[in-house]
Amino acid sequence: MYLMRDKSALEQLIESDEFSNRLNLDRKTYGLVFDKRTLSSVYEIIKKYNVNYIDFPISSGKESLIFKVIMDDGTSRVMKIYKMSTLKFSNTFEYIKGDYRFDKEKINRTNVVYVWAQKEYTNLDALVNSKVKAPKPYGFYKNVLLLSYLGTKTGPARQIREIDTDFNLLYSKLKINLWRMYNVAKIVHADLSEYNVLYYRKEPYIIDVGQSVSIKHPMAEEFLRRDIKNITSFFIKKNVICNEGNLYNYIKSGKNV
Ligand SMILES: Nc1ncnc2c1ncn2[C@@H]1O[C@H](COP(=O)(O)OP(=O)(O)OP(=O)(O)O)[C@@H](O)[C@H]1O
Ligand SMILES: [Mg+2]
């Protein structure tokens, strides 16, 4: 069969109607947003999990892109794409090395992003299995993850920093989730803040756990203290009576809740 010899199979795939329909973005946009390797990973996820189309972008940050996608059966999910270029090798290394679950992997600049996505998948799975409120992970391929969508038809759930609510009640709910995260899932978030907790169906949902580490990681204690400092200072600003020491003792108490 005659194929345009100057075009790679991937480029031909990208230009096919099937692919562009599912991406639902004009060619210029996806050319700018995705590198070729990422496009092929997105395509793998689309095929393997029956993603019908990409609905709209939710967030575009330094390290990742988040899209709402619609599956063939009509349900909504989230596709999180770690950017291949900006995830910093040196920053990520300390979270992988020292975590007994991942430090056997041979790490280099390319696959560090893949290990990161796999790590987020494993951490989310541990959270959901421990009854911590977090997005359910459905799968991953290289630097792309498929997660449950937290939000409504009109838009994604908001970060707790963006809402007005009974913050005393919210704090007491979050505390229980943090206790379970440490004592049941046995991981430390390591980037906990009001940016990484979403308010969904009146509950705090913990997100963004690519960097989270096992409680046995040599830095786990330091990360836990930093998380507690960040989250209590947010709730103190919201006039909740709480402090670092109390939250630390509560999480470390091992008392069943
Ligand atoms: N499952 C989800 N459902 C709805 N919205 C989500 C979901 N996951 C993430 N988001 C939205 O996308 C934002 C960024 O997601 P996340 O925190 O996982 O990525 P990040 O690595 O922090 O990205 P960045 O590079 O922007 O810091 C979140 O703050 C949230 O608003
Ligand atoms: Mg985040």
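Reading the values: rules and limits
Residues numbered from 1 in each chain as written. Chains lettered and ligands numbered in written order. Predicted model: local features only at pLDDT ≥ 70, side-chain atom pairs only at ≥ 80, totals over all residues. Heavy atoms only, no water. Salt bridge = Lys/Arg side-chain N within 4 Å of Asp/Glu carboxyl O. Helix = DSSP H or I, 4+ residues; strand = E, 2+ residues; numbered from the N terminus. Buried < 20%, exposed > 50% of the residue type's maximum accessible area, 1.4 Å probe, protein only. Donors = N, O, S within 2.8 Å, 3.2 Å for Na, K, Ca; no water. Axes fitted to C-alpha atoms, helices over the stretch in contact; angles between N-to-C directions. Parallel < 35°, antiparallel > 145°, perpendicular 65-115°, else oblique. Contact = heavy atoms within 4.5 Å. Nonpolar A, V, L, I, M, F, W, Y, C, P; charged D, E, K, R; others polar. 1 Å grid on protein atoms, 1.4 Å probe; cavity = no way out; pocket = protein on both sides within 12 Å on 5 of 7 lines; lining within 4 Å. Points joined across faces, edges and corners; volume = space filled by probe spheres on them. Expected span 1.5 Å × (residues − 1). Polar contact = N/O pair within 3.5 Å; in protein donor to acceptor, adjacent residues only side chain to side chain.

Student: It is not clear to me how the pattern of salt bridges should be interpreted in this structure. Could you clarify?
Tutor: Any two side chains of opposite charge can pair if their charged atoms end up close together. A complete count under the given rule lists nine salt bridges for this structure. With its nearest N and O atoms 3.5 Å apart, the salt bridge here joins Lys47 to Glu44. You can see Lys47 and its partner Glu44 sitting in helix α4 (residues 36-49), three residues apart, about one turn around the helix. Its relative accessible area of 46% is what places Lys47 among the partly exposed residues. The partner of Glu221 in a salt bridge is Arg225, and the shortest N-O contact between them spans 3.8 Å. Highlighted residues: Glu221 and Arg225, both in helix α8 (residues 220-237), separated by four residues, approximately one helical turn.

Student: I tried to follow the coordination of the magnesium ion (ligand 2) on my own but got confused; where do I start?
Tutor: Each donor-metal-donor angle in an ideal tetrahedron of four donors is 109.5 degrees, and each such angle in an ideal octahedron of six donors is either 90 or 180 degrees. Those protein atoms acting as donors to the magnesium ion (ligand 2) are Asn196 (OD1) and Asp208 (OD), and they sit at 2.2 to 2.3 Å. With Asn196 in the loop between β7 (187-188) and β8 (197-200) and Asp208 in the loop between β9 (203-206) and β10 (213-214), this pair connects stretches of sequence that are 12 residues apart.

Student: Can you walk me through the packing of helix α7 (residues 167-183) against α8 in this structure?
Tutor: Between two packed helices, the angle of one axis relative to the other and the distance separating the axes together describe the packing. At a closest axis distance of 11 Å, the pairing of α7 and α8 adopts a crossing angle of 170°. Relative to α8, the element α7 is oriented roughly antiparallel. Facing Phe167, Leu170, Tyr171, Leu174, Leu178 and Tyr182 of α7, the residues of α8 in contact are Leu224, Ile231, Thr232, Phe234 and Phe235. A class-by-class count of the residues in the contact of α7 with α8 yields 10 nonpolar, one polar and no charged.

Student: Explain empty space enclosed by the protein to me, please; I cannot follow it from the model alone.
Tutor: Scanning the entire structure with this criterion turns up one cavity of 30 Å³ or more. There is about 100 Å³ of room inside the largest cavity. Taken together, 13 residues make up the lining of the largest cavity; nearest its centre are Leu178, Leu192, Leu224, Asp227 and Ile251. Sorting the residues of the lining of the largest cavity by element identifies α7, β7, α8 and α9 (244-252) as the ones contributing at least two each. At four residues, the largest contribution of residues to the lining of the largest cavity is made by α8. Residue composition of the lining of the largest cavity, grouped by class: 11 nonpolar, one polar and one charged.

Student: When you look at α7 in this model, what are you seeing that I'm missing?
Tutor: Between the first and last C-alpha of α7 there are 24 Å, a value that for 17 residues agrees with the 24 Å anticipated at 1.5 Å per step. Within the sequence span of α7, burial applies to Phe167, Leu170, Tyr171, Leu174, Asn177, Leu178, Trp179, Met181, Tyr182 and Asn183. The N-cap residue of α7 is Asp166: its side-chain oxygen and the backbone nitrogen of Asn168 are 3.1 Å apart.

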